Amino acid sequence: VEDVIGTANRSNSSGPLCPDHLIPIAQSGFKTQGIDYPYCKLYVRFGMGDDDTVCANGNTRSTANFADARIDGGMKIISIDPRKGNLKSGDEWVPILPGTDAALVWALANVLLHENDVLDEAYLKTRTNACYLVRDNPEMVSGVKVLMEDYVRGDDGKALVWNEAAGKPQAFDASDGSDAALFGEFEASGAKAKTVLQIVKDYVAEFTPEWAEGITTVPADTMRSIARQMVENAHIG
């Protein structure tokens, strides 16, 4: 890659566009993570036909688990795809204008954060960076609002969260995270800062299902239904 286009960047994934490799690497730093089929009751997929679903999830074990989830586990598929494919009774096909998937995803995020009052708070607080504090200083890059800020950090360089019980900022690893604020704006290290999840919530405020309907051709009510089903099948707790 370096010889061809002058960059030293590389991917160590055997499938740079494969959901069993790229997404787990980005989220967790390793690539053995996959869809938890034995517990999956709802599978929302974008642009993959039935044959692609098995191929993209990698190996004989995944294929067997997928089949078990469908046959014995009653896993439902919501297929967001211009082409219907071979869905079975009980599944849901959501036709979408090609190339507009991102708008639908933003709308789902809008519903989950602005219209839904159910969150997996324990997971968000203890297993993600949702509580980390960031200065909300966005800038425009090629017409798109982008936040380039690092986390607000303490003197030891550790990212800070807001401890609601103590009423002050603290290092992310100073406790188990259960007292960390998920939403809000606070004073930390001499600056106003918001939690990561608050910044995401603010960012998606304008991306309503009605906004996305005009781009994707997917009805706003359908988007709200997808989001509701995601929450209902999330195994929160």
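Rules used throughout
Residues numbered from 1 in each chain as written. Predicted model: local features only at pLDDT ≥ 70, side-chain atom pairs only at ≥ 80, totals over all residues. Heavy atoms only, no water. Patch = residues over 30% accessible without salt bridge, like charges linked within 9 Å, V, L, I, M, F, W, Y side chains within 5 Å. Areas by Shrake-Rupley, 256 points an atom, 1.4 Å probe, with all protein chains shown as cover. Salt bridge = Lys/Arg side-chain N within 4 Å of Asp/Glu carboxyl O. Helix = DSSP H or I, 4+ residues; strand = E, 2+ residues; numbered from the N terminus. Buried < 20%, exposed > 50% of the residue type's maximum accessible area, 1.4 Å probe, protein only. Phe/Tyr/Trp six-rings, centres within 6.5 Å; stacked < 30°, edge-to-face > 60°. Lys NZ or Arg CZ within 6 Å of the ring centre and 35° of its normal. Axes fitted to C-alpha atoms, helices over the stretch in contact; angles between N-to-C directions. Left-handed = near helix turned anticlockwise from the far one by under 90°. Contact = heavy atoms within 4.5 Å. Nonpolar A, V, L, I, M, F, W, Y, C, P; charged D, E, K, R; others polar. Polar contact = N/O pair within 3.5 Å; in protein donor to acceptor, adjacent residues only side chain to side chain. Pairing = 2+ DSSP bridges.

Chemist: Before we move on, could you go through a nonpolar patch on the surface and cite the residues and values that matter?
Modeler: On the surface, Trp 106, Trp 211 and Ile 215 cluster together into a nonpolar patch covering about 250 Å² of accessible area. Here Trp 211 lies in helix H8 (residues 209-216). On the accessibility criterion, Trp 211 (32% relative accessible area) is partly exposed.

Chemist: Outline the packing of aromatic side chains, supporting the account with residue identities and numerical values.
Modeler: Within the structure shown, the criterion is met by nine aromatic pairs. Ring centres of Phe 207 and Trp 211 lie 4.7 Å apart, and the angle between their planes is 40°; on these two criteria the pair is classed as tilted. Relative accessible area serves as the criterion here: at 11%, Phe 207 is assigned to the buried category. An aromatic cluster is defined as three or more aromatic residues linked by ring pairs; in this entry it consists of Trp 106, Tyr 203, Phe 207 and Trp 211. Over the ring of Phe 183 we find Lys 201, and its NZ or CZ is 5.0 Å from the ring centre.

Chemist: How would you summarise the packing of H8 against helix H9 (residues 220-232) if you had to cite specific residues and measurements?
Modeler: Closest axis-to-axis distance for the H8/H9 pair is 8 Å, and the angle between their directions is 115°. Pair H8 / H9 crosses with right-handed handedness. Between H8, through Pro 209, Glu 210, Ala 212, Glu 213 and Thr 216, and H9, the contact on the second element is made entirely by Ala 220, Met 223 and Arg 224. In terms of residue class, the contact of H8 with H9 is made up of four nonpolar, one polar and three charged.

Chemist: Which residues make up the side chain of Asp 91, and what values go with them?
Modeler: Here Asp 91 lies in the loop between strand E2 (76-80) and strand E3 (92-94). A polar atom in the side chain of Asp 91 sits 2.9 Å from the backbone nitrogen of Ile 77.

Chemist: Would you mind going over the environment of Met 230 in detail, with residue names and values included?
Modeler: Tracing the sequence through the fold places Met 230 in helix H9. Considered as a pair, Met 230 and Leu 42 are 188 residues apart in the sequence and their alpha carbons are 7.1 Å apart. Excluding its chain neighbours within four sequence positions, the residues that come into contact with Met 230 are Leu 42, Val 44, Leu 108 and Leu 112.

Chemist: Please set out the sheet that holds E3 residue by residue, giving values where relevant.
Modeler: Reading across the sheet, the three strands line up as E1-E2-E3 and stay open at both edges, with parallel pairing between neighbours. Looking at which strands have only one partner, the edges of the open sheet turn out to be strand E1 (42-46) and E3. Each strand of the sheet is rotated relative to its neighbour by a mean of 15°, with strand direction disregarded. Judged from the five bridges that link them, E1 and E2 form a sheet pairing that is parallel. Following the sheet pairing, Phe 46 is matched in E2 by Ile 80.

Chemist: Tell me about the sheet that holds strand E4 (residues 133-134), residues and numbers included.
Modeler: Spatially, E4-E10-E9 is the arrangement adopted by the three strands of the open sheet, whose pairing is antiparallel. Since the sheet does not close on itself, it has two edges, and those belong to E4 and strand E9 (185-188), each with one partner. Relative to strand E10 (residues 191-195), E9 is paired through four bridges, and the arrangement is antiparallel. Note on E10: the bridge partner recorded for Ala 188 is Ala 191.

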